[in-house]
Amino acid sequence: MNTDYLELTGLTVSFDGFVAVDGVNLSVLKGDLRFLIGPNGAGKTTLIDAVSGLVQATGRAEFAGKDLLGLKVHRIARLGVGRTFQTATVFEELTVLQNLDIAAGAGRSPWTLLRKRSGVPAAVEEAMETVGLTALADTQAGILAHGQKQWLEIGMLLVQDARLLMLDEPVAGMSAEEKDETGRLLQRICADRTVVVVEHDMDFMRSFAKSVTVLHAGKVLSEGSVAEVQADPKVQEVYLGPGHHTAEEAAIVLGEGA
Amino acid sequence: MTSIFRSRYAVGIGFLVAAVLLFAVAPAVLTTFRLGLLGKYLCYAMVAVGIGLAWGRGGMLTLGQGVFFGIGAYLMAMHLKLADAGPGAVPDFMALISSEGVPWWWEPFRSGTVTIIAILVLPTLLAVLLGQATFRRKVRGAYFAILSQALAAAFAILLIGNPVATGGSTGLNNFKGFFGFSLRDPANRQMLYFIAAAALLVMVLVARQLMVSRFGELLVACRDGEERVRFLGYDPATVKTVAFAVAAMMAGVGGALFVPIVGIISPNDVGVVPSIGLLIGVAIGGRTTLAGPVLGAIAVAWAETSLSEQFPSGWTYVQGLMFMLVVAFLPGGLASLVKWRRTAKADPPPPPAAEKDLTPEPAGGAQA
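Residues numbered from 1 in each chain as written. Chains lettered and ligands numbered in written order. Predicted model: local features only at pLDDT ≥ 70, side-chain atom pairs only at ≥ 80, totals over all residues. Heavy atoms only, no water.

> Looking at this structure, how should I read the overall build of chain B?
Each helix and strand in chain B was counted, giving 18 helices and four strands. Taking 21 Å as the expected radius of gyration for a compact globule of 368 residues, we find that chain B reaches 21 Å, a close match to that expectation. Seen through its principal axes, chain B has C-alpha atoms that stretch 70 × 50 × 40 Å. Long-range pairs, those at least 24 residues apart, make up 78% of the contacts in chain B with a sequence separation of at least 6. (Helix = DSSP H or I, 4+ residues; strand = E, 2+ residues; numbered from the N terminus. Rg over C-alpha atoms; globule rule 2.2 N^0.38 Å. Contact = heavy atoms within 4.5 Å.)

> Would you explain the nonpolar core in this entry?
In summary, soluble globular proteins display a tendency toward joint burial of nonpolar side chains. Of all hydrophobic cores here, the largest spans 151 residues; its most connected members are A:L152, B:L42, B:W106, B:L172 and B:I265. Sort the elements by how many residues they give to this core and helix α3 (residues 32–57) of chain B lands first, with 16 residues. Sequence-distant contacts of B:L42, that is, excluding residues within four places in its chain, are made with B:L22, B:Y193, B:A196, B:A197, B:L200 and B:I298. Grouped together as the second largest cluster of nonpolar side chains are 26 residues, A:V24, A:L26, A:L36 and A:A42 included. (Core = buried A, V, L, I, M, F, W, Y, C linked by side-chain atoms within 4.5 Å. Buried < 20%, exposed > 50% of the residue type's maximum accessible area, 1.4 Å probe, protein only.)

> Can you help me understand the packing of helix α3 (residues 96–104) of chain A against helix α6 (residues 146–159) of chain A in this one?
Each pair of packed helices can be summarised by the angle the axes make with each other and by the distance between the axes. All names here are of chain A. Contact geometry of α3 with α6 gives a least axis separation of 7 Å together with a crossing angle of 35°. Remark: the crossing between α3 and α6 carries right-handed chirality. Contact residues: V96, N99, L100, A103 and A104 in α3; L152, G155, M156 and V159 in α6. (Axes fitted to C-alpha atoms, helices over the stretch in contact; angles between N-to-C directions. Left-handed = near helix turned anticlockwise from the far one by under 90°.)

> Explanation requested: the packing of helix α4 (residues 65–85) of chain B against helix α12 (residues 236–262) of chain B in the structure shown.
All names here are of chain B. Relative to each other, α4 and α12 sit at 40°, their axes nearing to 7 Å. Between α4 and α12, the crossing angle belongs to the class labelled oblique. Crossing angle aside, the handedness with which α4 passes α12 is right-handed. When α4 is examined against α12, the residues Q65, F68, F69, G72, A73, M76, A77 and L80 are found in contact with a partner set consisting of F244, A247, A248, A251, G252, G254, G255, A256, F258, V259 and P260. (Parallel < 35°, antiparallel > 145°, perpendicular 65-115°, else oblique.)

> It is not clear to me how a positive patch on the surface should be interpreted in this structure. Could you clarify?
A cluster of basic side chains, namely A:K72, A:R75, A:R78 and B:K138, defines a positive patch on the protein surface. Along the chain, B:K138 turns up in the loop between α6 (112–135) and α7 (142–161). Classification of B:K138 by relative accessible area gives partly exposed; the value is 42%. (Patch = residues over 30% accessible without salt bridge, like charges linked within 9 Å, V, L, I, M, F, W, Y side chains within 5 Å. Areas by Shrake-Rupley, 256 points an atom, 1.4 Å probe, with all protein chains shown as cover. Salt bridge = Lys/Arg side-chain N within 4 Å of Asp/Glu carboxyl O. Lys, Arg positive; Asp, Glu negative; His and termini not counted. Charge placed at Lys NZ, Arg CZ, Asp CG, Glu CD.)

> Just checking my understanding: could you explain the sheet that holds strand β5 (residues 66–67) of chain A for this structure?
Strand pairing in a sheet takes place through backbone hydrogen bonds and is either antiparallel or parallel in direction. Residue and element names in this part refer to chain A. Spatial ordering of the open sheet is given by β2-β1-β4-β5, a layout of four strands whose pairing is antiparallel. Among the strands making up the open sheet, the edge pair consists of β2 (18–28) and β5. Bridge count for strand β1 (residues 6–15) against strand β4 (residues 58–63) is five bridges, and the pairing is antiparallel. Note that in β4 the partner of E7 across the bridge is E62. Contacts from helix α1 (residues 44–52) reach β1 and β2, with the element oriented near 110° to β1. (Pairing = 2+ DSSP bridges.)

Written out as structure tokens, the structure reads:
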């Protein structure tokens, strides 16, 4: 499906006069692994809040040819848009299997809902395999390690059949191994999906991003490959302050290649 | 959740034991009077099953179940009064205070069939309307509790304010028959007890099915992470409304059976205080479990009767104290003690999972 892409046109979010997202134009194609970076308050999270229906916005936010703005959260979710939050929000009292099963079932009939689950749905099985939680199927989600909770959340998006995944700081608080694991997971799942990741972790971004958009003060500051963005003087200025910077200085903050 | 699978047979056995106790032991050892009292407690327990579902599983702290209980009860009482009076005649209390005759909206309830349908449908319908109006606007937690309590208060005031139609603060009483059976006959009173026991068992089965079904999992998910559920493509308002409506229907049936068993229904049985009273048994028994609300409601009602026989004014204090103790020290109710023992026995090295089990969602408690 070539229409499976996210297209934002003049997306604007303002809170009582404060403009958090200011006329953002953005296209993310299927198969892309787009990182949204930018200093605190740049409007990264607000942007995905707007696309997922959590906050009101003006402009256009199209996914697969449908305008998402103005729709209710659960309607947007049913159009194949899934997201995670900065803090992992899984259903702690339920098991891994139950969490995934709920995520898989938004289209279930009342009759199915009123019966007990018999067996494990194929999509759930597959997602558990993909995120590596099969062995923990019957574990309460509340006692999972931090990283495992994030993977469970990504698994929930997979069984939900989200074709646009928006992840808000998925590796925050993870160990180095967990980060690598997560990055490889994202690379696996982005092949036939559109994936947008909000992230502060520059190392993680450099290792796994296919493309990057830098936001600053609600506007798109720069866009391109990791190397292009790192070489952009405007980006260096935002991250390092005004003035000329040596390549060494830039490299410290933005990493090798700047 | 493994405990559910482990207790698969325990539930079946528990259910059988309950059935034997209710249908064989209780009628054999209790006097007609005591059996009638037990029947009354069973009616409270029906409301409790619903509260367990709505509050324990769905996180909706409903302080107004008296409204649904009252609607069921008054519908039944109206029918019994009309049936006692005979075809086309005016019930005794109405004839005493008014010469207007029977209000138009009483008339349909001369028919037993209409009454039974109304008992099942009206409380449920009201709950659906209320649920849609509140849950869609994301009213929850303490706000929902206050709203439901205000409703109970308003309902009682409405009843007291219309003495001609509802018997005012005296309520409706002095029923002579129940669908053609004399209520003076002990055999018929025993039959009523059996109906109540059967109704309660059916409700427990319904609640059990809802708890273990996918709907039950979804309901818990809505309780613990309503926003997250929304991002998965569900409308939590619908899920919660269904649970609330089932709870209302259970309360309505409980109220309807309460009337012939106890012989009176008045605003004192349906207002704010009795609504909270219904909740206390659920909290003490353990709101998230299947048996907790039932046993808690029966135990609290039984304690109320026996204590107030000896210390008429002391009960309120005891009730308040019990409630505070349970909420402060045992938020999962007495059922969590049982669970605790079971997990301690089954898993000698208690994993963190067991620890978690002991303190059922403090978040829910905070919401309350």
